[in-house]
Amino acid sequence: FQAEDGIRDKQICLVGSEMCIRDRFRLVAVALLPGITGIVWILGALGASGLNINAINSVLPTLVLVIAFADSLHMTASMRASLGQGMSAKEAARRAVTRVGPACAMTSITTAIAFGSLATSSSDAIGQFGFAGAVAACFALFAVITIIPCLGSWILRPSDGPPRGKIDGMLSRLTTFFAAGASNVVRGYPRAVAFFGAVLLAVTTVFYFSVEPRYGYRDFLPDVSPANAVIDRIDTQFKGADSATILIHRQVPLEQTSLRPAEVVGRIHTAAEGVEGFGNILSLKTAEQWTGQKLSDWAETSLSRDDPDLLDLNLGMPEHVAAQFKSDDATAWLVSTTLPSMDASLSV
């Protein structure tokens, strides 16, 4: 009989473990679904608006997941605490919305405002990213505030809450301890906390305006990357790994201009040679030095890429080489130069 009782006790334990696992899966589903839904929404919004996924806005799904999952955890924890106090699932959902919902809304609103400030940038890419980020933050809030209460009131059970008056889990006890301590400090010393916040805001504002905007593609390369060594060698031996292009575009008929295109290009070429920081200059003047002949007539001649004799018409230069000097319709000309690698905060 004792052996049978022991087997029966083990069976009861196994059944209890299975019930616990099912309860945990319900909680995981409630916490994860808003983030997954928000990701689907933002990807669908990007597709509907015709925006492609690029290196900048590819972080938006992660942003939605982080915000939605963090808010979902708080909402779910609030519902569990209410269930542990004997409330029904619907009452727990209503309480979570009224008590935790405003804090979640503040998180998404401040994030949306921060991203919205990027929409004022003069860069179209940054502006679109800022607008999309603000929309993503709103999607995260909407997913949490609608899915958590509805799904929680539907699938959660009283057994999903901790025992009455008990906080389960070391992490929950630790966070409750720090939250209670912070609450006591704020309630006990409100003026000191406000003064410290104002001082901290002033200090960080000074640091913010002392930061110079800059961008360099080498910032994304590891220090030990072979590309860094190659770029340094190109800067040293070929006078620059970067390049800049000056576009000369004729907007009136050639008969109405006082200067011929080759003469204008030559003047700009000479001016570019006197600019400190410019390396090798490439223009019609350079092509004349290569070929040893004047290219004024060729610079004013319209060409068709469908012409089988295009190579001869380009004086033996391949198409991609000739395209570095003038357009096919002879209305635009280029003056290119090499530059040492630099970031966007520098100018020449």
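Since the model is a prediction, treat every value here as computed from it, not as a measurement. (Residues numbered from 1 in each chain as written. Predicted model: local features only at pLDDT ≥ 70, side-chain atom pairs only at ≥ 80, totals over all residues. Heavy atoms only, no water.)

Engineer: Go over the sheet that holds strand β3 (residues 332-339), please, and point to the residues and values.
Structural biologist: Whether parallel or antiparallel, the strands of a sheet pair through hydrogen bonds between backbone atoms. Taken in spatial order, the three strands make up an open sheet running β1-β3-β2, and their pairing is antiparallel. A strand with exactly one partner marks an edge of an open sheet, and here the two such strands are β1 (242-249) and β2 (281-282). In terms of strand pairing, β2 meets β3 through two bridges, oriented antiparallel. By the bridge assignment for β3, Leu 282 is matched with Ser 336. Sheet strands touched by helix α9 (residues 261-273): β1, β2 and β3. Its angle to β3, the strand with the most contacts, is close to 15°. (Pairing = 2+ DSSP bridges. Helix = DSSP H or I, 4+ residues; strand = E, 2+ residues; numbered from the N terminus. Contact = heavy atoms within 4.5 Å. Axes fitted to C-alpha atoms, helices over the stretch in contact; angles between N-to-C directions.)

Engineer: Explain the packing of aromatic side chains residue by residue, including any values.
Structural biologist: In total, this model carries six aromatic pairs according to the counting rule given. Seen from their ring centres, Tyr 208 and Phe 209 are 5.2 Å apart, and the 80° between their planes marks the pair as edge-to-face. In this structure, Tyr 208 and Phe 209 share a single accessibility class: exposed. The interplanar angle of 75° and the centroid separation of 6.0 Å between the aromatic rings of Trp 290 and Phe 325 together place this pair among those described as edge-to-face. Separated by 35 residues along the polypeptide, Trp 290 in helix α10 (residues 284-291) and Phe 325 in the loop between α13 (319-322) and β3 bring together distant segments of the chain. Among the aromatic side chains, those forming a connected cluster through ring pairs are Trp 41, Phe 139 and Phe 142. Its guanidinium or amino end placed over the ring of Trp 298, Lys 326 lies 4.9 Å from that ring's centre, counting from NZ or CZ. (Phe/Tyr/Trp six-rings, centres within 6.5 Å; stacked < 30°, edge-to-face > 60°. Buried < 20%, exposed > 50% of the residue type's maximum accessible area, 1.4 Å probe, protein only. Lys NZ or Arg CZ within 6 Å of the ring centre and 35° of its normal.)

Engineer: Explain a nonpolar patch on the surface residue by residue, including any values.
Structural biologist: Residues Val 28, Leu 32, Leu 33, Ile 36, Val 40, Trp 41, Leu 65, Phe 69, Leu 73 and Phe 142 make up a contiguous nonpolar surface patch of roughly 830 Å² in combined accessible area. Sorting the residues of the nonpolar patch by element identifies α1 (2-48) and α2 (60-84) as the ones contributing at least two each. It is α1 that provides the largest number of residues to the nonpolar patch, a total of six residues. If you trace the backbone, Ile 36 turns up in helix α1. (Patch = residues over 30% accessible without salt bridge, like charges linked within 9 Å, V, L, I, M, F, W, Y side chains within 5 Å. Areas by Shrake-Rupley, 256 points an atom, 1.4 Å probe, with all protein chains shown as cover. Salt bridge = Lys/Arg side-chain N within 4 Å of Asp/Glu carboxyl O.)

Engineer: Break down the environment of Arg 305 for me, citing the residues and quoting the values.
Structural biologist: Relative to the elements of secondary structure, Arg 305 occurs in the loop between α11 (296-299) and α12 (310-313). Sequence separation of Arg 305 and Asp 328 is 23 residues, and the distance between their C-alpha atoms is 7.7 Å. Each residue touching Arg 305, except ones within four places of it in the same chain, is listed here: Leu 310, Glu 319, Ala 323 and Asp 328. Side chain to side chain, Arg 305 and Glu 319 meet in a polar contact 2.6 Å long. Separated by 2.6 Å, the side chains of Arg 305 and Asp 328 make a polar contact. (Polar contact = N/O pair within 3.5 Å; in protein donor to acceptor, adjacent residues only side chain to side chain.)

Engineer: Account for the environment of Thr 146, with residues named and values stated.
Structural biologist: With respect to the helices and strands, Thr 146 occurs in helix α5 (residues 124-155). Classification of Thr 146 as partly exposed rests on a relative accessible area of 25%. Distance in space between the C-alpha atoms of Thr 146 and Val 97 is 9.2 Å, their sequence separation being 49 residues.

Engineer: Give a detailed account of helix α8 (residues 226-237), specifying residues and quantitative values.
Structural biologist: One turn of the α-helix equals 3.6 residues, which is why residues spaced by three or four share an orientation. For α8, built from 12 residues, the straight-helix expectation of 16 Å at 1.5 Å per residue is met to within 8% by its first-to-last C-alpha distance of 17 Å. Taken together, the buried positions of α8 are occupied by Asn 228, Ile 231 and Asp 235. All buried residues of α8 fall inside an arc of 65° around its axis, so they share one side. Away from its buried face, by an angle of more than 90 degrees, α8 presents the exposed residues Pro 226, Arg 233, Thr 236 and Gln 237. Structurally, α8 contributes buried residues whose contacts are with β3. Count one or two residues on from α8 and you reach Lys 239, which has phi positive near 60°. (Expected span 1.5 Å × (residues − 1). Arc of directions from axis to C-beta.)

Engineer: How would you sum up the nonpolar core? Please name residues and give values.
Structural biologist: Counting 34 residues, the largest nonpolar core has Leu 60, Met 75, Met 79 and Leu 156 as its most contacted members. Among the elements of the structure, α1, α2, α3 (89-99), α4 (101-118) and α5 are those that each provide at least two residues to this core. At 13 residues, α5 tops the list of elements feeding residues into this core. Apart from the residues lying within four places of it in its own chain, the contact partners of Met 75 are Ala 96, Val 97, Val 100, Gly 101, Cys 104, Val 144, Ile 145, Ile 148 and Pro 149. Counting 18 residues, the second-largest nonpolar core is a separate cluster that includes Ala 287, Trp 298, Leu 303 and Trp 333. (Core = buried A, V, L, I, M, F, W, Y, C linked by side-chain atoms within 4.5 Å.)

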